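Summary of structural features
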Amino acid sequence: MNFLSSFFFDIYPYIAGTIFLAGSWLRYDYGQYSWRAGSSQLLDKKGLRIASPLFHVGILGIFFGHLVGMLTPHWVYEPFLSIAAKQQLAMVAGGIFGLMTLVGGAMLLKRRLTNVRVRATSSVGDIMIIALLVVQVCLGLGTIPFSAQHLDGSEMIKLVGWAQAIVTFQGGASAHLDGVALIFRLHMVLGMTLFLLFPFCRLVHIWSAPVEYLTRRYQLVRNRR
């Protein structure tokens, strides 16, 4: 058990992170024609107007919530937000964004599996990654009742301590997780596995977010009379 804990929470994060960064770079360098979202919107738009916004807004909220919440040092928000209040905020916001992701993701997965035209153009990887994201958000929502048993923020302190120890390359980061419920550990391992799989699936299109659209000059399009 100690070996598994040390592997998954001391070593595995760096394996997943290295493959995530190096794999993304190599795929961009050598497989640019596969660098796409593989949209199926042209095949059938039914249900996408609800499912796609729910899924994407939800998952972006979860990602940035985790990023800021886990990696921001405690002293930054301590003057105006206690650790207990931060945990309760995370439970509420995570619950809302998590439900959005779950509903949208379940609809997208159902569409991939049951729509004949979409299924015919979907790879095993397409279906697998959506399924894993749905399972991951279910695990995330499943952590809320366990967090509710520690409203003083003690559970969050452990998770934040682990995350910050990992990104600052401190040894023995797994020690921060002593006493943390199994569902948190499963959620964390699957989360790291998604980063590991990232370069090999459609998720790479995230790197190509059209941020430059915010700063480019306006384009005037006129109809030909």
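Source: prediction; values computed, not measured.

Looking now at the overall build of the protein. Looking only at helices and strands, the protein has nine helices and zero strands in total. Beginning at the N terminus, the succession of helices and strands in the protein can be written as α-α-α-α-α-α-α-α-α. Scored against the burial criterion, the 225 residues of the protein give a buried share of 37%. Once local pairs closer than 6 in sequence are excluded, the contacts in the protein between residues at least 24 apart make up 79%. With the model as given, the accessible surface of the protein reaches about 14,500 Å², and the carbon-plus-sulfur share is 69%.

We now examine the confidence of the model for the protein. Across the protein, pLDDT averages 87, with 85% of residues at or above 70. Within the protein, no element has a lower average pLDDT than helix α5 (residues 116-120), which sits at 81, and none a higher one than helix α9 (residues 182-197), at 96.

Okay, the packing of helix α1 (residues 2-30) against α9 next. The interhelical angle for the contact between α1 and α9, taken along N-to-C directions, is 25 degrees, at an axis separation of 8 Å. Judged by the inter-axis angle, α1 sits roughly parallel to α9. In terms of crossing hand, the pair formed by α1 and α9 is left-handed. Where α1 abuts α9, its residues Ser 5, Phe 8, Phe 9, Tyr 12, Pro 13, Ile 15, Ala 16, Ile 19 and Phe 20 lie against Arg 185, Met 188, Val 189, Met 192, Thr 193, Phe 195 and Leu 196.

This part takes up the packing of aromatic side chains. Per the stated rule, a full pass over the model turns up eight aromatic pairs. Residues Phe 8 and Tyr 12 carry aromatic rings whose centres are separated by 5.7 Å and whose planes lie at 85 degrees to one another, so their mutual orientation is edge-to-face. Highlighted residues: Phe 8 and Tyr 12, both in helix α1, separated by four residues, approximately one helical turn. Of the residues examined, Tyr 12 reaches a relative accessible area of 10% and is grouped as buried. An aromatic cluster of three or more residues is present, and its members are Phe 7, Phe 8 and Tyr 12.

Our focus in this paragraph is the pattern of salt bridges. Counted by the stated rule, this structure contains one salt bridge. Of the charged contacts in the structure, one is a salt bridge between Arg 202 and Asp 126, with a shortest N-O distance of 3.2 Å. On the criterion of sequence distance, the pair formed by Arg 202 in the segment after α9 and Asp 126 in helix α6 (residues 124-142) is long-range, its members being 76 residues apart. Residue class for Arg 202 comes out buried when judged on its relative accessible area of 16%. Classification of Asp 126 by relative accessible area gives buried; the value is 12%.

Moving on to the environment of Thr 72. Relative to the helices and strands, Thr 72 resides in the loop between α2 (48-71) and α3 (74-77). Separated by 92 residues in sequence, Thr 72 and Gln 164 have C-alpha atoms that sit 8.3 Å apart. Setting aside its immediate chain neighbours within four residues, Thr 72 contacts Leu 67, Tyr 77, Lys 86 and Gln 164. Only 2.5 Å separates the side chain of Thr 72 from the backbone oxygen of Val 68, close enough to count as a polar contact.

A few words now on α1. Taking 1.5 Å as the rise per residue, α1 with 29 residues should run 42 Å; its terminal C-alpha atoms sit 40 Å apart, in good agreement. At Tyr 12, α1 shows its largest bend, some 50 degrees, and a proline, Pro 13, comes one to four positions later. Every buried residue of α1 is accounted for by Ser 5, Phe 9, Asp 10, Tyr 12, Pro 13, Ala 16, Phe 20, Gly 23, Ser 24 and Arg 27. The elements touched by buried residues of α1 are α8 (154-167) and α9.

Calculation notes
Residues numbered from 1 in each chain as written. Predicted model: local features only at pLDDT ≥ 70, side-chain atom pairs only at ≥ 80, totals over all residues. Heavy atoms only, no water. Helix = DSSP H or I, 4+ residues; strand = E, 2+ residues; numbered from the N terminus. Buried < 20%, exposed > 50% of the residue type's maximum accessible area, 1.4 Å probe, protein only. Contact = heavy atoms within 4.5 Å. Areas by Shrake-Rupley, 256 points an atom, 1.4 Å probe, with all protein chains shown as cover. pLDDT = per-residue confidence, 0-100. Axes fitted to C-alpha atoms, helices over the stretch in contact; angles between N-to-C directions. Parallel < 35°, antiparallel > 145°, perpendicular 65-115°, else oblique. Left-handed = near helix turned anticlockwise from the far one by under 90°. Phe/Tyr/Trp six-rings, centres within 6.5 Å; stacked < 30°, edge-to-face > 60°. Salt bridge = Lys/Arg side-chain N within 4 Å of Asp/Glu carboxyl O. Polar contact = N/O pair within 3.5 Å; in protein donor to acceptor, adjacent residues only side chain to side chain. Expected span 1.5 Å × (residues − 1). Bend = angle between axes of the 7 residues up to and from the residue.

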